[in-house]
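Structural characterization, general
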Amino acid sequence: MTLHVHSNPAAILALEPEGLALAQSPAAGALRVAMLNLMPDKRQAERQMARLLARSGLDVSLTLFLAPGHRPRNEDPRYLSRHYLPWRQVRNGRHDALVVTGTPLETIAFRDVRYWDGLGEVLDWSRAAVASSWFSCWGAMAALFHDHGVPKRTLPVKRFGLFEHRVLAPDSPLTRGLGERYTVPVSRNAEVPLLWLACRRGLDVLAASPAAGAGLVAERGLRRVYMLDHPEYEADTLLAEYRRDRAAGLATPPPRGIDPDRPPPLPRWQEVGVQLFTNWLQVVAQARPARAA
């Protein structure tokens, strides 16, 4: 199957040597996924998320966009103008699903984020506009706060590295094929405690780690999926973050479960990400006939 991307950014085209089918032309019948990219490194996030979408085995059409009021400082405006659609065009278009990435803002109060109101506009729009939304890391924390009033709690030390998670809802369509346990990267300076999630009606914790806490949370019916971890990370992402943090003078510990001298050449956790995205997109595809009716 093929991933169709508006204007084909070079970061996504870099996936072609991996044997993934990419195209610029729209495809009739493809699942239409809009991705709100909040990460400072836009191109890395594009590549990582596109890889999981492209390996899902479904035809997917991917549109990139920014939150209204968000003016990124770390990317060439010409690049954004070429590869990212204006919010008004996304808002008025037809989409089946929404992906919202993370961003390293865990220590900042949500309402102090410059584009918080714009993000809220996107989240409110998505309730009626798409079948399901996938939120990643800080994006998941922000959506849990916006949707359900669940706050985040700043951690004394960054939770960082590979953590084993236990599947708590093996019968969920979202956890199909994951087995009883899986290991994925965690990289965050805040958390959403399990007890706070348990107090919110309509939310289910689908997977959690004894050491890292909640990993995968969803609304009943899977209209919203909140992934607090990073199954999309590449082999060297954790080490690159570690070196970046240390260069900035931060007391970030070495990533748990990663040998700094011998990073894993083939990150097995990406298979977890592919399975999760495949399961999620199948849920989206099954919702299509009902939404059309």
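This report concerns the structure included in the present document.

The rules behind the values
Residues numbered from 1 in each chain as written. Predicted model: local features only at pLDDT ≥ 70, side-chain atom pairs only at ≥ 80, totals over all residues. Heavy atoms only, no water. Axes fitted to C-alpha atoms, helices over the stretch in contact; angles between N-to-C directions. Helix = DSSP H or I, 4+ residues; strand = E, 2+ residues; numbered from the N terminus. Parallel < 35°, antiparallel > 145°, perpendicular 65-115°, else oblique. Contact = heavy atoms within 4.5 Å. Nonpolar A, V, L, I, M, F, W, Y, C, P; charged D, E, K, R; others polar. Pairing = 2+ DSSP bridges.

1. Considering the packing of helix H5 (residues 116-129) against helix H6 (residues 138-148)
Put simply, H5 and H6 touch, their axes get as near as 11 Å, and they point 70° apart. Compared by their axis directions, H5 and H6 come out roughly perpendicular. Across from Trp116, Leu119, Gly120, Leu123, Asp124 and Arg127 in H5, the residues of H6 making contact are Trp138, Ala142, Ala143, Phe145, His146, Asp147 and His148. Split into classes, the residues belonging to the contact of H5 with H6 amount to seven nonpolar, three polar and three charged.

2. Observations concerning the sheet that holds strand S4 (residues 60-65)
A sheet is described by the order of its strands in space; here eleven strands give the open sequence S2-S1-S4-S3-S5-S6-S11-S10-S9-S7-S8, paired in mixed fashion. The open sheet has two edge strands with one neighbour each: strand S2 (21-23) and strand S8 (181-191). Ignoring which end each strand starts from, the neighbouring axes of this sheet average 25° apart. Direction of pairing for strand S6 (residues 132-136) relative to strand S11 (residues 224-227): parallel, over a ladder of four bridges. Its bridge partner lying in S11, Ser136 is registered against Met227. On the sheet, helix H8 (residues 237-247) packs against strand S7 (153-167) and S8 and is oriented at approximately 170° with respect to S7.

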